[in-house]
Amino acid sequence: MRSFEGQFSDNRPIRRSPQEKRKLVAELRETLKNLKPSAAPATRTAIVARIKELEAELAAGAPPPAAEPGPGASPRRYRDRDRG
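Fair warning: this is a prediction, and the values are worked out from it, not measured in the lab.

Draft legend 1. Quick look at the overall build of the protein. From N to C terminus, the protein includes 2 helices and 0 strands. Residues counted as buried form 10% of the 84 residues belonging to the protein. Intrachain contacts of the protein at a sequence separation of at least 6 include 47% that bridge at least 24 residues. Of the roughly 7,500 Å² of accessible surface on the protein, a fraction of 55% belongs to carbon and sulfur atoms.

Written as structure tokens, this is what we have:
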């Protein structure tokens, strides 16, 4: 089965608002603080890297909105079997 452009199953990042990113940073910091000493170093490194990434996104501000398609452009919203 083929997907159409913009389908939720497309491999693309989740868009989060700045408020959601701040909440996620706080949750990750809490998780990092509550990690047991026996936790894998790779886990700590991954959490710290994600916190830095989110903080950099928050410091940079919101990205510019994507360009809107023209009036004649419409996404494919049919399956191969639906073709007449």
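Draft legend 2. Geometry of the packing of helix 1 (residues 18-34) against helix 2 (residues 41-60). Following both chains from N to C, one finds helix 1 and helix 2 inclined at 155°, their axes separated by 10 Å at the closest point. Here helix 1 lies roughly antiparallel to helix 2, going by the angle between them. Viewed along their axes, helix 1 and helix 2 form a crossing whose handedness is left-handed. Of the residues in helix 2, those in contact with Pro18, Lys21, Arg22, Leu24, Val25, Leu28, Arg29, Thr31 and Leu32 of helix 1 are Arg44, Ile47, Val48, Arg50, Ile51, Leu54, Glu55, Glu57 and Leu58. Here the residues of the contact of helix 1 with helix 2 are counted per class, giving 10 nonpolar, 1 polar and 7 charged.

Draft legend 3. Seen up close, the nonpolar core. Counting residues in hydrophobic clusters, the biggest one holds 6 residues: Leu24, Val25, Leu28, Ile47, Ile51 and Leu54. Taken together, the elements giving at least two residues each to this core come down to helix 1 and helix 2. When neighbours within four sequence positions are excluded, leucine 54 is seen to be in contact with Lys21, Leu24, Val25 and Leu28.

Cut-offs applied
- Residues numbered from 1 in each chain as written.
- Predicted model: local features only at pLDDT ≥ 70, side-chain atom pairs only at ≥ 80, totals over all residues.
- Heavy atoms only, no water.
- Helix = DSSP H or I, 4+ residues; strand = E, 2+ residues; numbered from the N terminus.
- Buried < 20%, exposed > 50% of the residue type's maximum accessible area, 1.4 Å probe, protein only.
- Contact = heavy atoms within 4.5 Å.
- Areas by Shrake-Rupley, 256 points an atom, 1.4 Å probe, with all protein chains shown as cover.
- Axes fitted to C-alpha atoms, helices over the stretch in contact; angles between N-to-C directions.
- Parallel < 35°, antiparallel > 145°, perpendicular 65-115°, else oblique.
- Left-handed = near helix turned anticlockwise from the far one by under 90°.
- Nonpolar A, V, L, I, M, F, W, Y, C, P; charged D, E, K, R; others polar.
- Core = buried A, V, L, I, M, F, W, Y, C linked by side-chain atoms within 4.5 Å.

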